[in-house]
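Chain by chain, the residues run as shown.
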Amino acid sequence: MNTPAPRTVVVTGGSRGLGAGIVQSFLDAGDRVATCSRSATDLVEQWQSDEALADRFLFLKADVSDRDQATGFVTAVVEEWGSIDVLVNNAGVARDGVLALFSDDDADTVIDLNLKATISLTRRVVRNMLAHGGGRIVNISSIVGLTGYRGLSVYGATKAALDGFTRALARELGSKSITVNGIAPGYLRTEMSHGLDEGQLQQIVRRTPAGRLGEPDDIARAVQFLVDPRNDWITGQVLVVDGGLTS
Ligand code: NAP
């Protein structure tokens, strides 16, 4: 059996949490992975110092909400490896609070990263994918964009908008061999869910048919499914991966 050729994969926000799980899944598959975040973590340093990954892992400190830094990140990947085959838009932020007490600054932070930065970075990567004739894009959304959650109205708005972006972009790029899909995870055990108190987490677990919170691997496996070169007829979809919570 032939080993598949390594792909060049860009994952935003891969230093911890879900992004780190997604990075690991691509490294395990033998791909070249570039990721960024505002600061490095022990895990990033571990990948950087692993000789077996010397020419397969690239980390850049970059805030993707800053257009110059986002452009610098994409440019560095292209200079290093040429073409980009897979983009996973994972970096995201949640600020919770009821809307009446929510600050404009917090709303800007959430919209700037979850929506504006994702759109802007995707545009840069799409130009590269169009130039080399194909690709796979996966946008990490959230079930909060589908069902809503008290105290997460702005976050939910960005994720619902991201789903709209996924569907429209899939129509735009379908004939160019580029698929665009989303994944809407349920509640995961990452730093982001630290904003939920123990009572809220227990209530979520009670209401989840699978009886537990999600782990990054649960989502990373769904990403691998959507970017599989054979799955070129799945596009414009938002796959819910939530242990059945919204079923
Ligand atoms: P997390 O643990 O907070 O990790 C977020 C990652 O993004 C980190 O690597 C962080 O590193 C990076 N990041 C944050 N702001 C950034 C910026 N401006 N520029 C570049 N990188 C940035 O979050 P997570 O739970 O893994 O969430 C990942 C994605 O899953 C998000 O899109 C989130 O909305 C979605 N999601 C999460 C859950 C959940 O329950 N956790 C559920 C549904 C969907 P730095 O802070 O160092 O920049």
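So, a few notes on the structure that sits alongside this text. Note that the coordinates shown come from a computational prediction; the quantities given were computed from them, not determined experimentally.

### Some points on the pattern of salt bridges
If charged atoms from side chains of opposite charge come close, those side chains can pair. Under the counting rule described, the total for this entry stands at 8 salt bridges. In this structure, aspartate 112 engages lysine 116 in a salt bridge whose closest nitrogen and oxygen atoms are separated by 3.6 Å. Placement of both aspartate 112 and lysine 116 in helix H4 (residues 104-132) is noted, with a separation of 4 residues, approximately one turn of the helix. Residue classification places aspartate 112 among the partly exposed residues on the basis of a relative accessible area of 27%. Look at lysine 116 and you get partly exposed, because its relative accessible area is 43%. Salt-bridge contacts for arginine 230 lead to aspartate 228; the nearest nitrogen and oxygen are separated by 2.6 Å. Residue arginine 230 is classed as exposed on the basis of its relative accessible area, which comes to 69%.

### As for the packing of aromatic side chains
Evaluated as defined, the whole model comprises 2 aromatic pairs. An angle of 50° between the planes, with centres 5.2 Å apart, marks the rings of tryptophan 47 and phenylalanine 57 as tilted. Within this pair, whereas tryptophan 47 is found in helix H2 (residues 42-49), its partner phenylalanine 57 is found in strand E3 (residues 57-61), the two being separated by 10 residues in sequence. Residue class for tryptophan 47 comes out buried when judged on its relative accessible area of 5%. With a centroid separation of 5.6 Å and an interplanar angle of 55°, the aromatic rings of tyrosine 149 and tyrosine 187 are classed as tilted. Of this pair, tyrosine 149 sits in the loop between helix H5 (144-147) and helix H6 (153-173) while tyrosine 187 sits in the loop between strand E6 (178-185) and helix H7 (198-207), placing them 38 residues apart in sequence. Judged by its relative accessible area of 13%, tyrosine 187 is buried.

### Some thoughts on the side chain of asparagine 139
Among the secondary structure elements, asparagine 139 is positioned in strand E5 (residues 135-140). Of the residues examined, asparagine 139 reaches a relative accessible area of 0% and is grouped as buried.

What counts and how
Residues numbered from 1 in each chain as written. Predicted model: local features only at pLDDT ≥ 70, side-chain atom pairs only at ≥ 80, totals over all residues. Heavy atoms only, no water. Salt bridge = Lys/Arg side-chain N within 4 Å of Asp/Glu carboxyl O. Helix = DSSP H or I, 4+ residues; strand = E, 2+ residues; numbered from the N terminus. Buried < 20%, exposed > 50% of the residue type's maximum accessible area, 1.4 Å probe, protein only. Phe/Tyr/Trp six-rings, centres within 6.5 Å; stacked < 30°, edge-to-face > 60°.

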